[in-house]
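The lines below spell out each chain.
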Amino acid sequence: MKKFKSMLAVLLAMLMIFSCAAVSYATDDGNGSAATAAKLGTDNAGVKEFIESADDKDYYYIIPDDGGLATVALEHAAIAEAAAGSSYFKVEIFDGEEALIAEFVSEGNQAKAVSPKFAVSKGEKYYVCVSKGDVINSTLEYTVSASINNSALVESEPNDETGKATAIKLSEANNAQKTYRYYGNISSENDADIYKFTLSAPGLVYVYIYNSENSDKGSFKATLGYSSEVAGGASVLNESLGTVEVKKADSYNAIPDVGLGSGEYFVKVTGIGGSKGGYSVIVINVPVSDAETEPNNIPETADPAPINALEVEAAKLKIVRACLNTADDVDYFKITVPSGSNGYNIKVAASAGASKAAGSWKVTVLSSAGKEIVAETTATDKAAATLSTDAGLAAGTYYIKVIRGTDYNPGVYTVSVQVKEKKADEGEKDKSWIDKIKDLDWQGFMDNFTSWLNELNLLGLIGDLTKNLPDVFKIISEVVAKVIVALG
């Protein structure tokens, strides 16, 4: 019996040693603030503690060895008699500036609860605070632990300037294997996270911003822009290429269908109204050859619009796809008109699958000098605006200008230009008298004139001029009338 008790004691001692290697105990009442926080490992090694009173709070900190996507877990013995939905512990996670980035509760009948994923950066300090939930039980022990997925894609702090922007990969549409989602946190009202990407060829870009998985979400704004120089050679971020907001009630929102040329671009994320917390972004690139190239908001940077021949079918028309990225955006397209043109039909319409927000586009055709040739506004995004220019336009460059109509429409629209069918009398009415005289059938006119002279019978008339004078005037009048008709 003594031998059995000795063996049991050894086994219990080994079990205690093993347990202590996996879980440690925080010093009671010594970690009640961020300043006195106890260290928490990121290898799932837990720390055990109790919430001893309604005012008790236990703080822990983690310092990642590398960036990644972190989670915090809390475990305790399940309480069978716990009321449904009643929480026994509340867990909050803060960044180094004590901005809330994740939170969760552990209910009485739960054995384990896990936080939403949140981004962490190498060497940065993060805090975990455990406090009472709806119910306090000072004898209920909990175990808190943390883990980090270092293969996840996260921002790299500091990244509040273009020169320090986090480089991101572009995702492919409808390809889960090549979807790259980047997680970040806004820690203060002055914080900004900037990401950069490079397009090797022109294409369409979609910027998606997702809200946190927390129950208490934030409100964030994402802008799309490019770096430009100002006086003195300093670089600033021009954020005019697109803007989108994701509000507290939103899961996500997007900047759709922005046509961009090859080059480097930036996505900037900020909090709205001082909002803080976690978010994630995805940038999708769709290579196309018919997209506008931003910026094209002045005639000098206008995109060329292909001119389709008369015989091209509607389904085969070459088009330009574009989008007004903001309510104040302007898109310019240019066409080169040769001499003797028949005029053009210019059509602007919502593309298939475009955003169906109620809104319209105002379309104007301008000369190179800025003179308005013709203008039209679409009724809604479901109605097209078709502008028609007359024949006889002077050869040269003309511009198609697109701005918001009565209401802003963020959807994609298309621009097509097609040569008009020449009417029988089209082009004649604007000709000069000299050109009309040149175009006369002079051989036919001379043949007719000879027959008119024979009709006139000058020799016979000279013999009896007085008698035939009325007939002379009649025939001459008929000749003059025929000449006038011939000249148009």
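Provided above is the structure to which this section pertains.
Residues numbered from 1 in each chain as written. Predicted model: local features only at pLDDT ≥ 70, side-chain atom pairs only at ≥ 80, totals over all residues. Heavy atoms only, no water.

Engineer: How do you make sense of empty space enclosed by the protein when you look at a structure like this?
Structural biologist: To find leftover empty space, a probe the size of one water molecule is rolled over the atoms. The tally for this structure, following the rule as stated, stands at one cavity of 30 Å³ or more. Roughly 120 Å³ of volume is contained in the largest cavity. Together, 16 residues line the largest cavity, and Lys 117, Tyr 183, Ser 212, Glu 213 and Tyr 279 are the ones closest to its centre. Elements supplying a minimum of two residues to the lining of the largest cavity: β9 (118–120), β13 (182–186) and β20 (277–287). Residues that form the lining of the largest cavity fall into these classes: six nonpolar, seven polar and three charged. (1 Å grid on protein atoms, 1.4 Å probe; cavity = no way out; pocket = protein on both sides within 12 Å on 5 of 7 lines; lining within 4 Å. Points joined across faces, edges and corners; volume = space filled by probe spheres on them. Helix = DSSP H or I, 4+ residues; strand = E, 2+ residues; numbered from the N terminus. Nonpolar A, V, L, I, M, F, W, Y, C, P; charged D, E, K, R; others polar.)

Engineer: Help me out: how do you make sense of the side chain of His 76 in this one?
Structural biologist: Note on placement: His 76 falls in strand β5 (residues 68–76). According to the relative accessible area criterion, His 76 is buried, its value standing at 7%. Among the polar contacts made by the side chain of His 76, one reaches the main-chain carbonyl oxygen of Glu 107 at a distance of 3.2 Å. For His 76, the residues in contact, after removing those within four places along its chain, are Phe 89, Ser 106, Glu 107, Gly 108, Gln 110, Ala 111, Leu 140, Glu 141 and Tyr 142. (Buried < 20%, exposed > 50% of the residue type's maximum accessible area, 1.4 Å probe, protein only. Polar contact = N/O pair within 3.5 Å; in protein donor to acceptor, adjacent residues only side chain to side chain. Contact = heavy atoms within 4.5 Å.)

Engineer: So what exactly am I meant to see when it comes to the nonpolar core here?
Structural biologist: Where a protein is soluble and globular, its nonpolar side chains tend to be buried together. By size, the foremost hydrophobic cluster in this structure holds 28 residues, and its most contacted members are Val 72, Val 130 and Val 144. The set of elements that each furnish at least two residues to this core consists of β4 (57–62), β5, β6 (87–94), β7 (100–107), β9, β10 (126–132) and β11 (141–149). Among all residues touching Val 144, those that are not within four sequence positions of it are Leu 40, Ala 45, Gly 46, Val 47, Tyr 60, Val 72, Ala 73, Val 128 and Val 130. Grouped together as the second largest cluster of nonpolar side chains are 26 residues, Tyr 180, Val 244, Val 246 and Tyr 279 included. (Core = buried A, V, L, I, M, F, W, Y, C linked by side-chain atoms within 4.5 Å.)

Engineer: Help me out: how do you make sense of the sheet that holds β4 in this one?
Structural biologist: Each strand in a sheet pairs with its neighbour through backbone hydrogen bonds, running either in the same direction (parallel) or in the opposite one (antiparallel). Taken in spatial order, the five strands line up as β2-β4-β10-β6-β7 in an open sheet, and their pairing is mixed. With partners counted over all chains shown, the strands left at the sheet margins are β2 (38–39) and β7, one partner each. (Pairing = 2+ DSSP bridges.)

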